[in-house]
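# Observations on chain architecture
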Amino acid sequence: MIYDKSLSRRVFLILNYIILLLISLLCILPFINLLAVSFSSSAAVSAGSVTFWPVEFTTKAYEFALTGGSFFSSLWVAIQRTVIGTLVNLVLIVLTAYPLSKSKQKLMGRNIYMGFFIVTMLFSGGLIPTYLVVVKMGLIDSIWSLILPGALPVFSMIILMNFIRGLPEEIEESAIIDGAGPVQVLLRILLPLLKPALATVGLFSIVAHWNSWFDGIIYMNNPANYPLQSYLQTLLQSFEQIMLKSGSDYTQLLSMMNARTGRAAQMFLGAIPILLVYPFLQKYFTKGLVLGSVKG
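With that settled, the discussion passes to the packing of helix H7 (residues 154–165) against helix H10 (residues 195–211). Interaxial distance between H7 and H10 falls to 10 Å at its minimum, and their mutual angle equals 175 degrees. Viewed along their axes, H7 and H10 adopt a mutual orientation that is roughly antiparallel. Where H7 approaches H10, its residues Phe155, Ser156, Ile159, Leu160 and Phe163 are matched on the opposing element by Pro196, Ala197, Leu198, Val201 and Phe204. For the contact of H7 with H10, the residue count by class is nine nonpolar, one polar and no charged.

This is how it looks when you write it as structure tokens:
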């Protein structure tokens, strides 16, 4: 491989590295600041003396979020929702993307089906009709109310569909000649080749399910059924009620923290699982996203 050693090339690379470094710092430094805030005392945060290192180190904000059983029960609900919801998403995405990856000559009415899915991306019934459907189906206070309304992410389906269309047709044709049916082709031939795309859309689903909080508040009448993000969202909105209900332990914790330290701790408690999962999927992420977007 021949490298261009000209002055303009070196200047371009230096500027490119500088710009990428600045962008990386813009993304990383706010999180470092929030981490420092979450471990700093209320007085230090109120005085604005916290930058990128904790001042008067304390874990009271985390103790407040973890005190009682609500955090761990909501964490379990969030894990269930993320695992089951992602599996449901992936199954429906694969079962929809595979037939739609065929041409209109091989699948009658393909353009009609595709138009139907595209419309759902642009328009929705709105919150009230969706809520009424969930109520009529008897899903209120059920984990399925958090999964079924978004069971088929159309955007992810389109990514996987385009990825399949980018594979050589000869692979499928040779399997059919050897006597494989559509199900065998999908399970034995295509799925192993779809790992990058599945990792990409799977990561989309994991992040979407884990970070979603609004539907938990809407569809769960019992706060004990809140997923983690819904629980964290409501935790700091009622300091006074918590102090009146919970006794001296909570009162002491609240006296040593404020809303900023509490919210910073919540952000990291909610982000830790995603930060743990992402490195395992990152190697597939870029490849799957790019390859799934080049063919229409």
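This part takes up the layout of surface pockets. Within this model, the largest pocket holds a volume of roughly 850 Å³. Lining the largest pocket are 34 residues, and of these Thr130, Leu148, Pro149, Gly150 and Asp215 lie nearest its centre. Going through the elements one at a time, helix H4 (70–100), helix H5 (110–122), helix H6 (127–136), H7, H10 and helix H11 (214–219) are the ones with two or more residues in the lining of the largest pocket. A class-by-class count of the residues in the lining of the largest pocket yields 20 nonpolar, twelve polar and two charged.

The end-to-end C-alpha distance of helix H9 (residues 182–193) is 15 Å, a good match for the 16 Å that twelve residues give at a rise of 1.5 Å each. Where H9 is buried, its residues meet H4, H7 and helix H8 (169–177).

At a minimum axis distance of 7 Å, the contact between H4 and helix H12 (residues 228–235) shows a crossing angle of 145 degrees. Here Ser70, Phe71, Ser74, Leu75 and Ala78 of H4 lie close against H12, whose contacting residues are Leu228, Tyr231 and Leu232. For the contact of H4 with H12, a count of residues per class yields six nonpolar, two polar and no charged.

Conventions used here
- Residues numbered from 1 in each chain as written.
- Predicted model: local features only at pLDDT ≥ 70, side-chain atom pairs only at ≥ 80, totals over all residues.
- Heavy atoms only, no water.
- Axes fitted to C-alpha atoms, helices over the stretch in contact; angles between N-to-C directions.
- Helix = DSSP H or I, 4+ residues; strand = E, 2+ residues; numbered from the N terminus.
- Parallel < 35°, antiparallel > 145°, perpendicular 65-115°, else oblique.
- Contact = heavy atoms within 4.5 Å.
- Nonpolar A, V, L, I, M, F, W, Y, C, P; charged D, E, K, R; others polar.
- 1 Å grid on protein atoms, 1.4 Å probe; cavity = no way out; pocket = protein on both sides within 12 Å on 5 of 7 lines; lining within 4 Å.
- Points joined across faces, edges and corners; volume = space filled by probe spheres on them.
- Expected span 1.5 Å × (residues − 1).

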